[in-house]
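# Coordinate analysis (summary)
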Amino acid sequence: MNQPRPESRISSLERRASSIEAGIVELSNDTAEDLKALRNDIKALSEHVDLGFKQAHTFIQDEIADLKAIMATKDEIAAMEGRLLDAIKQLWQQKPGE
């Protein structure tokens, strides 16, 4: 069998190289599009997570404020109970007719 002429071989190699380069360009474009979409997805997810953290932080701060109010009320009630008990003890210690 005869070997192909150099012109045919060169032409074949050029077509093959052109086809390979075209595939690389297409893959590069697809990859760029996929990376852009991925960046957008990450940005959207990050914004969603940030919003969730802000909402959680606000909720926790509100709960802490409520707990502080409850604890202050309990402290006030405990102090009032102490004053009432002291007043009752004083009344019991007083003798009738004094």
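Below: a short report on this structure.

What counts, and where the lines are drawn
- Residues numbered from 1 in each chain as written.
- Predicted model: local features only at pLDDT ≥ 70, side-chain atom pairs only at ≥ 80, totals over all residues.
- Heavy atoms only, no water.
- Helix = DSSP H or I, 4+ residues; strand = E, 2+ residues; numbered from the N terminus.
- Areas by Shrake-Rupley, 256 points an atom, 1.4 Å probe, with all protein chains shown as cover.
- Lys, Arg positive; Asp, Glu negative; His and termini not counted.
- Charge placed at Lys NZ, Arg CZ, Asp CG, Glu CD.
- Buried < 20%, exposed > 50% of the residue type's maximum accessible area, 1.4 Å probe, protein only.
- Salt bridge = Lys/Arg side-chain N within 4 Å of Asp/Glu carboxyl O.
- Patch = residues over 30% accessible without salt bridge, like charges linked within 9 Å, V, L, I, M, F, W, Y side chains within 5 Å.

## Re the overall build of the protein
Helix and strand counts for the protein come out as one helix and zero strands. Projecting the C-alpha coordinates of the protein onto the three principal axes gives extents of approximately 140 × 20 × 10 Å. Accessible surface, the protein as shown: approximately 9400 Å² in total, 60% of it carbon and sulfur. The centroid of the 13 positive side-chain charges in the protein is displaced by 5 Å from the centroid of its 18 negative side-chain charges.

## Details of the environment of Ala-17
One can find Ala-17 in helix H1 (residues 6–93). The exposure class of Ala-17 is partly exposed, given its relative accessible area of 32%. In sequence terms Ala-17 and Asn-40 are 23 residues apart; their C-alpha atoms lie 34 Å from each other.

## Remarks on the pattern of salt bridges
Taken as a whole and assessed by the stated rule, the structure comprises one salt bridge. Here Glu-7 and Arg-5 are joined by a salt bridge, their closest N and O atoms 3.6 Å apart. Here the two residues Glu-7 and Arg-5 agree in accessibility, since each one is exposed.

## Some thoughts on a negative patch on the surface
Together, Glu-26, Asp-30, Glu-33 and Asp-34 give the surface a local cluster of negative charge. By the element assignment, Glu-26 lies in helix H1. Take Glu-26: its relative accessible area is 52%, and that puts it in the exposed class.

## Section: a nonpolar patch on the surface
Taken together, the side chains of Met-80, Leu-84, Leu-85, Ile-88 and Trp-92 present a nonpolar region at the surface, about 580 Å² in accessible area. Of note, Trp-92 is situated in helix H1.

## Structural notes on the environment of Glu-21
Its place among the elements puts Glu-21 in helix H1. For Glu-21, a relative accessible area of 52% gives the class exposed. Here the alpha-carbon distance between Glu-21 and Pro-6, two residues 15 residues apart in the chain, equals 22 Å.

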